[in-house]
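Structural features, examined
Letter by letter, the chains look like this.
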Amino acid sequence: PRVEQSPSPGNKTWGAATRPAPVAELAGRGAGGAVAGPAAIDRWPLRPPAGLEVADVPPAAGYVIPRLIFDARLAAVAREATATWHTATVRSVELSGGVVRLRTTAGVVAGRVVIGADGANSVVGRAVAGAVPARHVGVAVRGYAPAQDDRQEMLLVWERAGRLAYAWSFPIDGRRTNVGYGVFGGRVGTPAVSRVRLTARMKALLRHADAADQVRGHRLPLSTGGAPPGGGARLLLRGAAAPVHPTPRGGLYSHS
């Protein structure tokens, strides 16, 4: 059985980039259609504070696809492969007598193993001894802006801001780009940088971001290292296994 909090995915503060390694993994598991449609990324430029831009060519196909579309396609694949699907919120995880029980808003779901893929604030993660709590946080905004040209490149613009900070511009479909800006490394409990300030820096570093709409922000628990992937009959995936990595290393800190 599979338990999902919502029947449909929600959008997230995310650059929408899917890099070569996960693209190959999806294809190998019969879910290659999740990234169908957009042109492959053919260039990764990086503009550091000194102003000297460097660039590289990706080793294999990577894509930028809006999270709403990407998650909906993954959910469709999961529904086809799942015997039962429950729309509910998990309240607690209990392990007894070799059986894992999820107490949810729709009742109890039981099985031999539970795989938690419920994000950095994972209920399953809190039930696994040794899960690493985040000590630092980041905050970022994401929006959508008109494309400047037809180049399929993922641009990162770094700046000195007392801590790690950068803007991004990732092409979606030749007409739009996913643009954003984030500041990373503040201690948990300290005041976050305001969305107004983050948006202003995004527009200052990316001229085409002046026309950005659907600008949304979010706080992100950070990690610079891994966490135990689980224990016994409880396993963790992606953000549930460790908080977000503060540099663009394929999004959430993943575990195989």
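Please refer to the structure placed before this passage.
In this report, we go over the structure that sits alongside the text. No experiment lies behind these values; they were computed from the predicted model shown. (Residues numbered from 1 in each chain as written. Predicted model: local features only at pLDDT ≥ 70, side-chain atom pairs only at ≥ 80, totals over all residues. Heavy atoms only, no water.)

In terms of burial, strand S11 (residues 136-146) is a largely internal element, 9 of the 11 residues being buried. Note: S11 against strand S14 (residues 176-187), 11 bridges, orientation antiparallel. Its bridge partner lying in S14, Gly138 is registered against Phe184. (Buried < 20%, exposed > 50% of the residue type's maximum accessible area, 1.4 Å probe, protein only. Helix = DSSP H or I, 4+ residues; strand = E, 2+ residues; numbered from the N terminus. Pairing = 2+ DSSP bridges.)

This paragraph deals with the pattern of salt bridges. This structure, assessed with the given rule, holds 12 salt bridges. Note that Arg201 is salt-bridged to Glu159, the shortest N-O span being 2.7 Å. Note that Arg201 is positioned in helix H4 (residues 195-205) and Glu159 in strand S12 (residues 155-160), a separation of 42 residues in sequence. Overall, the relative accessible area of 15% leaves Glu159 in the buried class. Taken together, the salt bridges that share partners define one network made up of Arg43, Arg47, Glu53, Asp149, Arg151 and Glu153. (Salt bridge = Lys/Arg side-chain N within 4 Å of Asp/Glu carboxyl O.)

On to the sheet that holds strand S3 (residues 44-47). Backbone hydrogen bonds are what pair the strands of a sheet, in a parallel or an antiparallel way. Across the sheet, which stays open at both edges, the 7 strands sit in the order S4-S3-S12-S13-S14-S11-S15 with mixed pairing between neighbours. Since the sheet does not close on itself, it has two edges, and those belong to strand S4 (54-56) and strand S15 (213-222), each with one partner. Strand-to-strand twist in this sheet, taken as the mean axis angle between neighbours without regard to direction, amounts to 15°. Both S3 and S4 contribute to a ladder of 3 bridges, which runs antiparallel. Counted as the bridge partner of Trp44 is Asp56 from S4. Here H4 sits on the sheet in contact with S11, S12, strand S13 (164-171), S14 and S15, set at roughly 125° to S14. (Axes fitted to C-alpha atoms, helices over the stretch in contact; angles between N-to-C directions. Contact = heavy atoms within 4.5 Å.)

Moving on to the nonpolar core. Across soluble globular proteins, you tend to see nonpolar side chains buried next to one another. Ranked by size, the top nonpolar core spans 25 residues in total, and within it Val64, Phe70 and Phe170 carry the most contacts. Taken together, the elements giving at least two residues each to this core come down to helix H1 (20-28), strand S5 (63-64), S11, S12, S13 and S15. Counting residues per element, this core draws most heavily on S13, at 3 residues. When residues no more than four places from it in sequence are discounted, the contact partners of Phe170 are Gly15, Ala17, Val64, Glu153, Met154, Leu155, Leu156, Thr177 and Asn178. Among the nonpolar cores identified, the runner-up in size contains 18 residues, and Ala167, Tyr181, Val183 and Ala212 belong to it. (Core = buried A, V, L, I, M, F, W, Y, C linked by side-chain atoms within 4.5 Å.)

Pairing is antiparallel across the open sheet formed by 3 strands, whose spatial order is S7-S8-S9. Both outer strands of the open sheet, strand S7 (90-96) and strand S9 (107-111), are each paired with one neighbouring strand and no more. Mean inter-strand twist for the sheet, computed between neighbouring axes without regard to direction, equals 20°. Across 6 bridges, the pairing between S7 and strand S8 (residues 99-104) is antiparallel. Following the sheet pairing, Val90 is matched in S8 by Thr104.

Purely geometric numbers; function is a separate question.
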